[in-house]
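These are the residues of each chain, in order.
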Number of protein chains: 2
Amino acid sequence: MEDRKSVAPPHPAHDVTEHVGYRLKRAAAALRGAMDKALRQHGLTVPQYACLELLDEQPGLSNAELARGAFVTRQSMNVVLRGLQDAELISRPATTDHGRALPAHLTAQGRSRLDAARSAVYAIEQQMIEAVPQRRLGALLDDLDGMAAALGG
Amino acid sequence: MEDRKSVAPPHPAHDVTEHVGYRLKRAAAALRGAMDKALRQHGLTVPQYACLELLDEQPGLSNAELARGAFVTRQSMNVVLRGLQDAELISRPATTDHGRALPAHLTAQGRSRLDAARSAVYAIEQQMIEAVPQRRLGALLDDLDGMAAALGG
DNA sequence: TCTCCTATGTCAAAATCCTGACATGGAAGA
DNA sequence: TCTTCCATGTCAGGATTTTGACATAGGAGA
């Protein structure tokens, strides 16, 4: 069933909806939509949640580091951080004695908010995982990483 | 075949960067960035290119249909269509005798622009395809579709 | 030491996208 | 027929994101 690639045509499909990029975009859009909907009930946006999750695992990350981790620009993450600061979900020192990066940390309020939102997000992730045969899950993750790396992600 | 749910750890990884959603987001972000960069040299944005590609395969699509195909809202696609109309890359009748949907079509100029941009985009897609073992490509596409479907995409 | 280079934080402006809303056209069912 | 419902196109407003730019802090090398 998999011998068709033996010829390796540069463009295996004539329909754009058959292309890898299109499928990837569709899956990502579906995930984004589901997360958007789920997180709204917790008063968080997707970038905000991503930021909290990153800070929970790696406390003290700077604005630029968070931006790279969430795949947005420094400027966008800066706006996100301000929103989270205004909501008292994270804390950031106004100055630092060494360097320029300001390390951010979760507040107690931020941690509880994250815990609440996490269950909703993990349920979505579980739906995704159940949609792919278990034996293929590892390969799927590897392939996603490989594609990202091939494109300089 | 689906007996894995008997054990089914709810959260297989303790690191967010190990989650399916994170990998998917990263791959999609890498693709978006690569396409953005490539298409800029052709004077097109990603939604504009997606719109042209859809219209090349299915001439006469309406604004709402294009929006669904490109995973954006009707309003966003409306803006895209106006830009493409101003650039003379597509044409749309001002009125219609039946219904309300206005069918869009590529102009000759739009088709040549699409042809030029397509080679750049296909090169990116080729890079992605080469990053995954050939025998896994079909399964990858199926899994992406499965995940999108599971999330209501 | 001094100079270059990179990284970071931030500001300003524009572009993009979405939410909410409204009016219209068509189809389905009472 | 008529009434209800759904899909479409469009407008207005705001939120989000990006591009471009600038100043500063620290490290590497001459």
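Before going into details, it helps to say that this report is about the structure given with it. Just so it is clear, the structure is predicted and the values come from calculations on it, not from any experiment.

For an interface, size is often stated in terms of accessible area lost upon the parts coming together. Taken together, the contact between chain B and chain A spans 58 residues of the former and 56 residues of the latter. Together, the buried faces of chain B and chain A total about 5900 Å²; carbon and sulfur atoms form 66% of this surface. Summed over the shared surface of chain B and chain A, the number is six salt bridges. Here Arg26(A) makes a salt bridge to Asp145(B), at a shortest N to O gap of 2.9 Å. The interface formed by chain B and chain A includes 15 residue pairs in polar contact (both at pLDDT 80 or more). Broken down by secondary-structure element, the contributors of at least two residues to the side of chain B that touches chain A are α1 (20–40), α2 (46–57), α3 (63–70), α5 (108–130) and α6 (134–150) of chain B. For the side of chain B that touches chain A, the leading source of residues is α6(B), giving 15 residues.

This brings us to the layout of surface pockets. Unfilled space is identified by rolling a water-sized probe across the atoms. Residues and elements named next belong to chain A. Roughly 230 Å³ of internal volume is contained in the second largest pocket. Taken together, Ser-62, Asn-63, Ala-64, Arg-74, Gln-75, Arg-92, Arg-100, Ala-101 and Leu-102 form the lining of the second largest pocket. Mapped by element, the contributors of at least two residues to the lining of the second largest pocket are α3 (63–70) and α4 (74–86). Class assignment for the residues of the lining of the second largest pocket results in three nonpolar, three polar and three charged.

Contacts to DNA strand D come from 22 residues, most closely from Gln75(A), Ser76(A), Gly99(A), Arg82(B) and Arg100(B). By atom count, sugar and phosphate contribute 50% of the portion of DNA strand D lying within 4 Å of the protein. One of the backbone nitrogen or oxygen atoms of Asn63(B) is found 3.3 Å away from a phosphate oxygen of DNA strand D. Counting only elements with at least two residues in the surface near DNA strand D, the list comes to α4 of chain A together with α3 and α4 (74–86) of chain B. Ranked by residue count, the leading element in the surface near DNA strand D is α4(B), at four residues.

What counts, and where the lines are drawn
- Residues numbered from 1 in each chain as written.
- Chains lettered and ligands numbered in written order.
- Predicted model: local features only at pLDDT ≥ 70, side-chain atom pairs only at ≥ 80, totals over all residues.
- Heavy atoms only, no water.
- Contact = heavy atoms within 4.5 Å.
- Buried area = accessible area lost by both parts, 1.4 Å probe.
- Salt bridge = Lys/Arg side-chain N within 4 Å of Asp/Glu carboxyl O.
- Polar contact = N/O pair within 3.5 Å; in protein donor to acceptor, adjacent residues only side chain to side chain.
- Helix = DSSP H or I, 4+ residues; strand = E, 2+ residues; numbered from the N terminus.
- 1 Å grid on protein atoms, 1.4 Å probe; cavity = no way out; pocket = protein on both sides within 12 Å on 5 of 7 lines; lining within 4 Å.
- Points joined across faces, edges and corners; volume = space filled by probe spheres on them.
- Nonpolar A, V, L, I, M, F, W, Y, C, P; charged D, E, K, R; others polar.
- Near = heavy atom within 4 Å.

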